[in-house]
Amino acid sequence: MKVVLENLTKRYPNRNRKIKEEVTAVDSFSFEIPDGKLIGLLGPSGCGKSTTLNMICGLERPTEGKIYFGDDDVTMLSPEHRGVGMVFQNYALYPHLTVMQNITFPLENLKGKDKLTKQQMKERALEAAKLVQIEEYMERRPSELSGGQQQRVAIARALVKTPRVLLLDEPLSNLDARLRLQTREEIKRIQRETGVTTIFVTHDQEEAMSISDMIVVMKKGAVQQIGKPQDVYDNPVNLFVAKFLGTPPINVFDGKVKDGKLYLGDSAVLSVEGVENQEVYVGIRPEGFILDDSGLLECKLINVEVSGRDTSIVSSHSAFIGTNIRSIIPAESKVDRDADSVKFNVKPFKTYIFSKETEERINCVLS
């Protein structure tokens, strides 16, 4: 089911009654979600992603704009008539009901030609349970399940209605790191097997990038960038997107372009084409550093952290904005831990220049 958001806007009255100006939670959000794709809504807390999800679900009514499921305008439809399945952050399972009863609960409210017999409901519940691999727990209650199992029950309950659209509101935030990794893989598998259009809300960029077909990065209610996860990571449109995506985060420096050279402090690290002389922000991905004894960028060495797969060099530089620079290099690289400084060259395709005034990315050729 294709989902189209057309200039979707949500405003709330200001909590301070003395201020008449309304608070904008979502600002003119337009996007077409292709049929059968998994879309990640990504951004920091308060950016409007859950509000957007609630408007798609029907729990919130937009101040302006339209929502279409296929060719159907569902903007004013109540949630029960939209054909959506919703999985909440806190699972929202009924503690006094068994897994079977929790899963079949949405089916009990079906009426008319959609009404099912108890046997049909049981069969549908078992089918959904098998999909999320919890069929052996059907007689247990939620308190007898682990967090990951409870999450699977919530997903099965959402899927049992064969929804046109599946909505997931930070479904992994209550799980530990290992279980979160396992469950996000399961969500992707389930989405592929069912082919249901899925919208996944999270503030965890690694989570969104790993399972989404496309991501939507939001900030203060406004869409910053939409695209395939790797494309957004490789080509951020502004400093916010560049800083929000990536673990460890991008390293940001005060820099300047002068006579075709990009400077960090007094060091000319790259050549630049197509940029006038000006002060800029420079972002370098952690993997964008090349350890080189004759490198152009000299940093004060603070620490060397070996994680097995790679090595992280922690250093500092007078032009760096923040505390410590993190540079990721291959584990086999030799680093003198007792040295006072370390030298790098930087990879042009992992380096980005941003306007100091607008923080928008400056498109140019680096070499």
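What counts and what doesn't
Residues numbered from 1 in each chain as written. Predicted model: local features only at pLDDT ≥ 70, side-chain atom pairs only at ≥ 80, totals over all residues. Heavy atoms only, no water. Pairing = 2+ DSSP bridges. Helix = DSSP H or I, 4+ residues; strand = E, 2+ residues; numbered from the N terminus. Phe/Tyr/Trp six-rings, centres within 6.5 Å; stacked < 30°, edge-to-face > 60°. Buried < 20%, exposed > 50% of the residue type's maximum accessible area, 1.4 Å probe, protein only. Salt bridge = Lys/Arg side-chain N within 4 Å of Asp/Glu carboxyl O. Expected span 1.5 Å × (residues − 1). Core = buried A, V, L, I, M, F, W, Y, C linked by side-chain atoms within 4.5 Å. Contact = heavy atoms within 4.5 Å. Axes fitted to C-alpha atoms, helices over the stretch in contact; angles between N-to-C directions.

## Notes on the pairing of strand β16 (residues 297-306)
- Here four bridges tie β16 to strand β19 (residues 341-346), and the two strands are oriented antiparallel to one another. Its bridge partner lying in β19, Glu-298 is registered against Lys-343.
- Both β16 and strand β17 (residues 310-316) contribute to a ladder of six bridges, which runs antiparallel. Across the sheet, residue Glu-305 finds its bridge partner in β17, namely Ser-312.
- In textbook terms, the turn of a hairpin is the stretch between consecutive antiparallel strands, and for β16 and β17 this stretch comprises three residues, one of which, Gly-308, has a positive phi near 100°.

## Overview of the packing of aromatic side chains
- This model, assessed by the stated rule, comprises four aromatic pairs.
- Taking the centre distance of 4.8 Å and the plane angle of 50° together, the rings of Tyr-94 and Phe-105 count as tilted. Here Tyr-94, found in the loop between β6 (84-87) and α2 (99-104), pairs with Phe-105, found in the loop between α2 and α3 (118-131); they are eleven residues apart in sequence, far enough to count as distant.
- By relative accessible area, which is 28% here, Phe-105 ends up partly exposed.

## Some points on the pattern of salt bridges
- Using the criterion set out here, one finds 16 salt bridges in the structure.
- Between Asp-73 and Lys-66 there is a salt bridge, with the nearest N and O atoms lying 3.6 Å from each other.
- Owing to a relative accessible area of 37%, Asp-73 belongs among the partly exposed residues under this scheme.
- We classify Lys-66 as partly exposed; its relative accessible area is 35%.
- A salt bridge links Glu-193 to Arg-189, with the shortest nitrogen-to-oxygen separation between them at 3.0 Å. Here Glu-193 pairs with Arg-189, and both are found in helix α5 (residues 177-194), just four residues apart, close to one helical turn.
- Linked through salt bridges whose partners overlap, the residues forming this network are Arg-152, Glu-186, Arg-189 and Glu-193.

## Side note on unusual backbone geometry
- With an omega of -10°, the peptide bond between Thr-247 and Pro-248 qualifies as cis.
- In this fold, Pro-248 is placed in the loop between α8 (239-244) and β11 (251-258).
- One non-glycine residue, Gln-133, lies in positive phi territory at about 60°.
- Gln-133 sits in the partly exposed class, given a relative accessible area of 45%.
- The phi torsion at Lys-220 lies on the positive side, around 50°, for a residue other than glycine.
- When its relative accessible area of 69% is taken as the criterion, Lys-220 is described as exposed.

## Some points on helix α4 (residues 147-159)
- With 13 residues, α4 ought to run about 18 Å at 1.5 Å a step, and its terminal C-alpha atoms sit 19 Å apart, in line with that.
- Across the 13 residues of α4, twelve count as buried, placing the element largely inside the fold.
- Every buried residue of α4 is listed here: Gly-148, Gln-149, Gln-150, Gln-151, Arg-152, Val-153, Ala-154, Ile-155, Ala-156, Arg-157, Ala-158 and Leu-159.

## So, the nonpolar core
- If you look at the biggest cluster of nonpolar residues, it comprises 35 residues, and the most contacted ones within it are Ile-103, Ile-134 and Ile-187.
- For this core, the secondary-structure elements that each account for two or more residues are α2, α3, α4, β7 (165-169) and α5.
- The element best represented in this core is α4, accounting for six residues.
- The contacts of Ile-134, once residues within four sequence positions are left out, are Val-99, Ile-103, Ala-129, Gln-149, Arg-152, Val-153 and Ala-156.

## Notes on the sheet that holds β16
- Strand order across the open sheet formed by five strands is β15-β19-β16-β17-β18, with antiparallel pairing between neighbours. Edge strands, defined here as strands with exactly one partner in the open sheet, are β15 (289-291) and β18 (325-330). Neighbouring strand axes in the sheet, compared pairwise and without regard to direction, differ in orientation by 50° on average.
- Bridge analysis of β15 against β19 gives three bridges, and the strand direction is antiparallel. Along β19, the bridge assignment pairs Leu-291 with Phe-344.

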